[in-house]
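# Coordinate analysis (summary)
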Amino acid sequence: WNPPSSSPRSSSSVGALKKACMSSSALLSLLFKSPSPSSALRSLKNPELFTPKRLRILASIASLSLAWCKCDLKIKGNIDDLCQFILEELYIPFKFYLNALQEHTPHEFFQRKEATTALREDKKSKFWIANSRSTTCHWIPDASQTF
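Residues numbered from 1 in each chain as written. Predicted model: local features only at pLDDT ≥ 70, side-chain atom pairs only at ≥ 80, totals over all residues. Heavy atoms only, no water.

Scanning the protein chain for helices and strands turns up seven helices and four strands. Helices and strands appear in the protein chain in the N-to-C order α-α-α-α-α-α-β-β-β-β-α. Looking at the protein chain as a whole, 24% of its 147 residues are labelled buried. Split by element, the accessible area of the protein chain, about 10,500 Å² in all, is 59% carbon and sulfur. (Helix = DSSP H or I, 4+ residues; strand = E, 2+ residues; numbered from the N terminus. Buried < 20%, exposed > 50% of the residue type's maximum accessible area, 1.4 Å probe, protein only. Areas by Shrake-Rupley, 256 points an atom, 1.4 Å probe, with all protein chains shown as cover.)

Next comes the structure, spelled out in structure tokens:
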């Protein structure tokens, strides 16, 4: 997705930006309505729901490389790969954070003095990795001091 390049003061550019944002929002809403990753992937591969233009917009929102944003979507393998990347970059993180906030509020974690474990560097890949579990952290102040 590329915002309009004209001056931000012109009404046509503001209107174009508003329209682009609304269409992006609608696309994301359509994607996030899927109840599961497999359902979302099926939706992404449905050309009646997600046309090549819409897939390109989602690819851009997901910050995929320009090569993926402009790839030939007449090739089934490209569609499959692009849809998988969009799923991994947009749908799965969104659902993870949504579920985390619905299951527990940050306030509850602070009251129990819980936080996620520290990042650790993977010796092989040299990437920093976060565990998905939480642990009690005695250094977290009491809830009465923070809320």
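Alright, that's what it looks like, and here's the rest.
Moving on: unusual backbone geometry. If you check the backbone angles, Ser63 has positive phi at about 60° while not being a glycine. Looking at the secondary structure, you find Ser63 in the loop between helix H3 (52–61) and helix H4 (66–69). Since its relative accessible area comes to 64%, Ser63 is described here as exposed. Look at Lys126: it is not a glycine, yet its phi comes out positive at around 70°. Looking at the element boundaries, Lys126 is found in the loop between strand S2 (120–121) and strand S3 (128–129).

This brings us to the confidence of the model for the protein chain. Averaged over the protein chain, the pLDDT score is 83; the fraction of residues at 70 or greater is 82%. The least confident element of the protein chain, judged by mean pLDDT, is helix H7 (residues 143–146) at 71; the most confident is helix H2 (residues 37–44) at 96. Taken together, the stretch residues 1–9 has pLDDT below 50 and engages in 14 contacts with residues farther than four places along the chain or on a different chain. (pLDDT = per-residue confidence, 0-100. Contact = heavy atoms within 4.5 Å.)

Now for the nonpolar core. The biggest cluster of nonpolar side chains holds 23 residues, and the ones touching the most others in it are Leu31, Leu44, Leu55, Leu58, Leu82 and Ile86. Among the secondary structure elements, those contributing two or more residues to this core are helix H1 (11–32), H2, H3 and helix H5 (76–103). Contacts of Leu55, omitting those with residues within four sequence positions, involve Leu44, Phe50, Leu73, Leu82, Cys83 and Ile86. (Core = buried A, V, L, I, M, F, W, Y, C linked by side-chain atoms within 4.5 Å.)

Where H3 is concerned, the buried positions are Leu55, Ile57, Leu58 and Ala59. Positive backbone phi, approximately 60°, marks Ser63, located one or two places after H3.

Scanning the model with the defined rule gives three aromatic pairs in all. For the ring pair Trp68 and Phe85, a centre distance of 5.0 Å and an interplane angle of 75° mean the geometry is edge-to-face. Within this pair, whereas Trp68 is found in helix H4, its partner Phe85 is found in helix H5, the two being separated by 17 residues in sequence. Overall, Trp68 belongs to the partly exposed group, its relative accessible area being 23%. (Phe/Tyr/Trp six-rings, centres within 6.5 Å; stacked < 30°, edge-to-face > 60°.)

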